[in-house]
Structure formats: C-alpha cells, structure tokens
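Examining the three-dimensional arrangement
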Amino acid sequence: MPPTLPSTRVLAFTNQSGGAGKSTGAVTVGAWLAKYKLKVLVVDLDAQCDAAAALGYDQPDLLDNQPTLYDLLIGVKGVTVQDAIVPAMAGPVEDPASKTIDGLDLLLPSVELESVEQLLTGRLIGREMWLRETLAPVLDDYDVVLLDCPGNLGLVVVNALVLATEVVACVKPGWKELRALTRIEQTIDRVNESFGPNGAAPQFAWILMSDAPTKRTAGVVYAEAQEQARKAYGDIVLPAVRRSTRVPESYAAQQALPFFDLTAEVTADYAAVVKAMGFRRQK
Ligand SMILES: Nc1ncnc2c1ncn2[C@@H]1O[C@H](COP(=O)(O)OP(=O)(O)O)[C@@H](O)[C@H]1O
Ligand SMILES: [Mg+2]
C-alpha cells in the first residue's frame, strides 16, 4: 500500500547559509496563513531565535518556567512538546499592548540549540528522527507547520527534512546563490534514499527568492533575478519578494510583516508567494 499523504503540510525553509530570507519567509508565510484562517505552527530551529523574535519572543530563555525545544531535546522530565508551544505575538511579549495572533503558534527555540548538533551526533539510534518524533503528538492539530532552519545542512536540518513534506529553498538573487541550490537538492535526495520509503519523502518543492532588486517598467515590477531562476528551475520558482526597508523595520518592531504593514508592497509579495504555494483563504 502506498503511504497515505499526511494532511498537515510541513514546509522546511532551508539554505546552507545565513541571510537567505529563511526566517523572514517562515514568519511572514506563517502570518499570512493565519490571516487566511489556517491553523499554523512555526518551529524555530535556529539558536539565533530570529523567527521567535519576529513573533514577539526575543529571548525565550529568559521567560520564567517556560520550556523550549532544547528542554525537549535533552529530555527534561515531564516536559511535553505542548509545553514549549506558545501563541505567536504581534509585538514584543513584554509589551502589554501586544496582541496574540489568532491561529499562529510558535515552538520556542533556545540559544542553547547551538549544541544540538553535538547532542544529536552522540546518539546511536534515531538521531535523524528526533524532530519527527518530538512533533508527532501535535502535527494533527495544525494545517501547516513551518520549520525555520539554521543556515547549514547539518543534522538539525536533516531532522527538518525527514519531517518535511515540502522544502522551500530560500535564496537571495545571484548566480552564486542559485548554485547553492544544487547542494540542497543533493541533501534532499540523500534523505529520500535513506528515509523516504517509510514516510512522506520531502520534495524539493519551492524556490523562494527574496530581497530581490526590482525595477519598474510601465508600472510593472519586474524581477530580473527571478527570470534567471525560472529558466533553470521552471514553475517551482515562487514570485520574487522585492527588497524593502520594511523588512528590517518589521524585525526591529518584532512584528510579522502582515501585522507591521499590511499595505506594503513587500507584504503583498509574500501574499503572492502563499497563493503560488496553493494555499487559499478559509471561509
Ligand atoms: N525582502 C527583503 N528586503 C530587505 N531586507 C530583507 C528582505 N528579506 C530579508 N531581509 C533582511 O535580510 C536579513 C536576513 O534575512 P533572514 O530572513 O533573517 O535570513 P535567514 O533566516 O536566512 O538568515 C535580515 O536582516 C532581513 O531583515
Ligand atoms: Mg534565520
């Protein structure tokens, strides 16, 4: 019997380097999907905690009695995955004026995730399965799970790929950046060879190009870099996200773009991305 397709779509935002738009992508896509009335979980797998910061939680380790993904990894007694999940915020959690985002949850990271690679490497059995096993109890609670990966192709990312149904390769425009996609493809192939038959094999599904310089011709925004990528990869190249100062500004405000500036062009670019991925607003 062919494996049944999981009903939860799990998207891993990956690239082997930092500054590729992974965290911005995961957070902004997550915020749009919540606005579309889907139930969404963002999992911040990076010790830099950027996705958590953008969703209101700048320093998860300083929160009182609040477990994080790290506690799950080291197996703190009595801590469940549900305990490490918090509602995403449209603003810093310390600010009483900040509201929660309906439909959007966050699995809290920790700066301690720095040591995850070592901890996992030391495990004899199942070290690629840790994330899949950890998230199994909550997967059915969500329509979509978004995995914000660290900027490498190490064991944490392999864990993300084992869990993912779709991989979103994040790149900034440029020839060198596009070349990096080959390594991501190879890693996915290897994960599929080793783990594919037992579950849903991750697909190299999308290429998300952000921070793209644009020029206007007769009112039409044209992203040259996107054209280049489309020649090589075809339809899996998502509509490009333009360069905009609103992105770093929204980071500083700790607000996801659709809550920071709903009418900005760059916010609309991400709406186009979400549509191209096949998501629709729920009634
Ligand atoms: N469309 C954009 N326009 C301008 N700056 C951007 C854009 N997308 C991302 N950035 C900036 O680039 C940096 C890296 O983005 P980020 O999403 O954190 O990448 P990663 O998670 O891959 O390291 C951040 O400072 C972010 O504000
Ligand atoms: Mg990041």
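The following paragraphs examine the structure supplied in this document.

Thresholds applied
- Residues numbered from 1 in each chain as written.
- Chains lettered and ligands numbered in written order.
- Predicted model: local features only at pLDDT ≥ 70, side-chain atom pairs only at ≥ 80, totals over all residues.
- Heavy atoms only, no water.
- Pairing = 2+ DSSP bridges.
- Helix = DSSP H or I, 4+ residues; strand = E, 2+ residues; numbered from the N terminus.
- Axes fitted to C-alpha atoms, helices over the stretch in contact; angles between N-to-C directions.
- Parallel < 35°, antiparallel > 145°, perpendicular 65-115°, else oblique.
- Contact = heavy atoms within 4.5 Å.
- Nonpolar A, V, L, I, M, F, W, Y, C, P; charged D, E, K, R; others polar.
- Core = buried A, V, L, I, M, F, W, Y, C linked by side-chain atoms within 4.5 Å.
- Buried < 20%, exposed > 50% of the residue type's maximum accessible area, 1.4 Å probe, protein only.
- Arc of directions from axis to C-beta.

Moving on: the sheet that holds strand β1 (residues 9-14). Spatially, β3-β4-β2-β5-β1-β6-β7 is the arrangement adopted by the 7 strands of the open sheet, whose pairing is mixed. In this open sheet, the two edge strands, each paired with only one partner strand, are β3 (85-90) and β7 (203-209). Each neighbouring strand pair of the sheet contributes to a mean axis angle of 30°, computed without reference to strand direction. Summarising the sheet, strand β2 (residues 40-44) and strand β4 (residues 99-107) pair through 4 bridges and their orientation is parallel. Within β4, the residue paired with Leu41 across the bridge is Asp105.

Below, the discussion takes up the environment of Thr245. Along the polypeptide, Thr245 turns up in the loop between α9 (224-233) and α10 (246-252). When the C-alpha positions of Thr245 and Val266 are compared, they lie 9.3 Å apart, and in sequence the two are 21 residues distant.

Turning next to the packing of helix α1 (residues 22-35) against helix α12 (residues 265-276). In helix packing, the relevant descriptors are the interaxial angle and the interaxial distance, both defined with respect to the helix axes. Where α1 contacts α12, the axes come no closer than 10 Å and their chain directions differ by 75°. Viewed along their axes, α1 and α12 adopt a mutual orientation that is roughly perpendicular. For the pair formed by α1 and α12, the contact residues are Thr24, Gly25, Thr28, Val29, Trp32 and Leu33 on the first element and Thr267, Tyr270, Ala271, Val273 and Val274 on the second. Tallied by class, the residues present in the contact of α1 with α12 amount to 7 nonpolar, 4 polar and no charged.

With that settled, consider the nonpolar core. Val43, Leu45, Leu107, Leu135 and Leu147 are the most contacted members of the largest nonpolar core, which has 52 residues in total. A per-element tally of this core places helix α6 (residues 155-163) first, with 8 residues. Each residue touching Leu45, except ones within four places of it in the same chain, is listed here: Leu69, Leu113, Leu131, Leu147, Asp148, Cys149, Pro150, Val156 and Ala160.

For the rest of this paragraph, the subject is α9. By the burial criterion, the buried members of α9 are Ala225, Gln226 and Ala229. What you see down the axis of α9 is that its buried residues fit within an arc of 95°, all on one side. Set apart from the buried face of α9 by more than 90 degrees, the exposed residues are Glu224 and Lys231. In this structure, the buried residues of α9 make contact with α7 (175-179) and β7. After α9 finishes, the residue Gly234 shows a positive phi value of roughly 70°.

Positive phi is not limited to glycine here, since Cys49 has a value of about 60°. Its place among the elements puts Cys49 in the loop between β2 and α2 (50-54). Positive phi outside glycine occurs at Gln254, with the angle close to 55°. As for its placement among the helices and strands, Gln254 is situated in the loop between α10 and α11 (257-260). A relative accessible area of 11% means that Gln254 is categorised as buried.

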